[in-house]
Amino acid sequence: MTTTAPHPRPTKTPHAEHPAHGPRLPLRILPLTPAIVLLLLFLAGPIAYCVYIAFTDLQLTGQAQESFVGFDNFTRAFGDEAFLNAVWLTLVFTVLSSLIGQNTLGLALAALMQRASTPVRTLTGGIVVTAWVLPEVVAGFLLYAFFRREGTLNAILDWLHLPSQNWLFTLPILAVSFANVWRGTAFSMLVYSAALNEIPKEITEAAEVDGAGGWRRMWHITLPMIRRSIGTNLMLNTLQTLSVFGLIWVMTRGGPGGRSQTLPLFMYEQAFQNSLIGYGTAVALLLLLVGSLFSLVYLRLLRTEV
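Remember, it's a predicted structure, so these values are computed and weren't measured experimentally.

Visitor: Talk me through the environment of Tyr52; I want residue IDs and the actual numbers.
Guide: In this structure, Tyr52 sits in helix α2 (residues 33–54). Tyr52 sits 52 residues away from Thr104 along the chain, and the two C-alpha atoms are 40 Å apart.

Written as structure tokens, this is what we have:
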């Protein structure tokens with residue numbers, strides 16, 4: 001009886017399981033080199049320079065050379081009542097116009113448009129998106145004309161025989177918050193429309209057959225199924241709202257008396273009107289820190305939902 005010798009097993013090469021290692025790794029990185037260079041040149045470089053400026057007393061005028069002052073700019077900010085007022089107004093503006101206004105109205109519009117007819121859905125979507133695509137300065141002028149003492153809102157109130165007032169003077173932070181809601185709701189509406197379209201109709205139809213009303217279906221079915229879209233939308237809206245400048249500048253310029261001066265306007269005033277580039281850049285870094293904290297909270301919430 002003859003026996004056949006077993007075939008020898010092929011030996012593994014040292015890098016068979018990791019083809020990216022070894023001499024081929026530079027070839028894989030080579031196509032990314034232009035993008036890496038551009039990021040370092042136009043993103044990392046300016047950010048590093050801004051961080052350096054924040055620790056100096058650099059000024060636009062009246063100074064031959066800046067000097068390193070350490071954390072003096074940051075200490076000055078937390079002892080500045082105008083800065084603390086800007087932080088408070090930034091939080092109010094963000095909560096009212098983004099977390100409550102744009103998020104809630106966008107979800108409501110998306111839910112209503114699910115049941116609307118095609119012509120109504122097209123008309124509503126076109127009107128809302130038009131406000132979103134308008135340049136920020138144009139939207140600011142339109143809302144300024146709406147809220148000013150002789151503006152459209154007071155004309156409507158006078159026609160209804162209701163008391164009118166100078167909204168940009170009496171309630172400036174509410175006026176600019178409403179303006180941001182009017183301009184930015186379209187983004188939330190589009191995000192939630194896409195999320196609602198992904199919900200299987202069989203689930204909502206089964207709940208409706210079981211007797212669940214509209215509010216119960218929204219609370220127990222719709223919101224849990226689109227919670228990740230809600231978290232993503234809140235994070236993007238919050239970061240965008242924290243950086244709003246042109247809309248408020250056109251409407252109130254942060255006034256009257258700083259009652260609508262958010263952190264971006266305060267930073268602009270210190271850096272370019274008062275010529276305190278170092279101090280203004282330190283405020284910008286603090287604003288970046290606020291945005292990072294919001295992002296970490298949202299990412300943490302999204303991670304717990306996985």
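Visitor: So, the side chain of Thr241: which residues are in play, and what are the values?
Guide: Of note, Thr241 is situated in helix α12 (residues 227–242). Look at Thr241 and you get buried, because its relative accessible area is 1%. Residue contacts for Thr241: discarding those within four places in its chain leaves Phe93, Thr94, Ser97, Ser98, Gln102 and Asn180.

Visitor: I'd love a proper account of the pattern of salt bridges, names of residues and values included.
Guide: Enumeration over the complete set of coordinates arrives at one salt bridge. A salt bridge links Glu150 to Arg148; its shortest N-O distance comes to 3.5 Å. We classify Glu150 as exposed; its relative accessible area is 59%. A relative accessible area of 30% means that Arg148 is categorised as partly exposed.

Visitor: Account for the packing of aromatic side chains, with residues named and values stated.
Guide: Within the structure shown, the criterion is met by 17 aromatic pairs. Taking the centre distance of 5.6 Å and the plane angle of 85° together, the rings of Phe147 and Phe178 count as edge-to-face. Of this pair, Phe147 sits in helix α6 (residues 136–147) while Phe178 sits in helix α9 (residues 172–197), and the two are 31 residues apart along the sequence. Aromatic pair Trp249 and Tyr268: ring centres 5.2 Å apart, planes at 70°, arrangement edge-to-face. You can see Trp249 sitting in helix α13 (residues 246–251) and its partner Tyr268 sitting in helix α14 (residues 263–273), a full 19 residues away along the chain. Through pairs of rings, three or more aromatic residues link up here, namely Phe55, Phe68, Phe71 and Phe74. The ring of Tyr279 has Arg76 lying over it, and the distance from NZ or CZ to the ring centre is 4.3 Å. Against the face of Phe169 rests Arg259, its NZ or CZ located 5.3 Å from the ring centre.

Visitor: I'd like a rundown of helix α7 (residues 152–159), residues and numbers included.
Guide: Residues separated by three or four positions in an α-helix point in the same direction, a consequence of the helix having 3.6 residues per turn. Of the residues making up α7, those classed as buried are Leu153, Asn154 and Leu157. The arc that holds every buried residue of α7, seen down its axis, measures 95°, which confines them to one face. Summarising the contacts, the buried residues of α7 are in contact with α6 and α8 (167–170). Looking at the residues trailing α7, positive phi occurs at His161, about 60°.

Visitor: An account of unusual backbone geometry is requested, with residue identities and associated values reported.
Guide: Cis rather than trans, the peptide bond between Gly255 and Pro256 has omega equal to -5°. Note on placement: Pro256 falls in the loop between α13 and α14. Non-glycine residue Arg253 carries a positive phi angle of around 55°. In this structure, Arg253 sits in the loop between α13 and α14. For Ser275, which is not glycine, the phi torsion reads 65° and is therefore positive. With respect to the helices and strands, the residue Ser275 is situated in the loop between α14 and α15 (277–304).

Visitor: Account for the nonpolar core, naming residues and giving values.
Guide: Counting residues in each nonpolar core, the largest one holds 20 residues, and the members touching the most others are Phe93, Phe147, Ile173, Val176, Leu247, Ile248 and Met251. In this structure, Val176 is in contact with Phe93, Leu247, Ile248, Met251 and Thr252, ignoring residues within four places of it in sequence. Formed by 15 residues, the second largest nonpolar core is a distinct cluster that contains Ala77, Phe266, Leu276 and Val283.

Visitor: Can you explain α6? Please cite residues and give values.
Guide: Here α6 contains twelve residues, and its C-alpha end-to-end distance of 16 Å stays within 8% of the 16 Å for a straight helix at 1.5 Å per residue. Residues of α6 that are buried: Ala139, Gly140, Leu143 and Phe147. The arc that holds the buried residues of α6, viewed along the axis, is 100°, so those residues lie on one side. Looking at the buried residues of α6, the elements they touch are α7, α8, α9 and α13.

Here is what the cut-offs are and how they apply
Residues numbered from 1 in each chain as written. Predicted model: local features only at pLDDT ≥ 70, side-chain atom pairs only at ≥ 80, totals over all residues. Heavy atoms only, no water. Helix = DSSP H or I, 4+ residues; strand = E, 2+ residues; numbered from the N terminus. Buried < 20%, exposed > 50% of the residue type's maximum accessible area, 1.4 Å probe, protein only. Contact = heavy atoms within 4.5 Å. Salt bridge = Lys/Arg side-chain N within 4 Å of Asp/Glu carboxyl O. Phe/Tyr/Trp six-rings, centres within 6.5 Å; stacked < 30°, edge-to-face > 60°. Lys NZ or Arg CZ within 6 Å of the ring centre and 35° of its normal. Arc of directions from axis to C-beta. Core = buried A, V, L, I, M, F, W, Y, C linked by side-chain atoms within 4.5 Å. Expected span 1.5 Å × (residues − 1).

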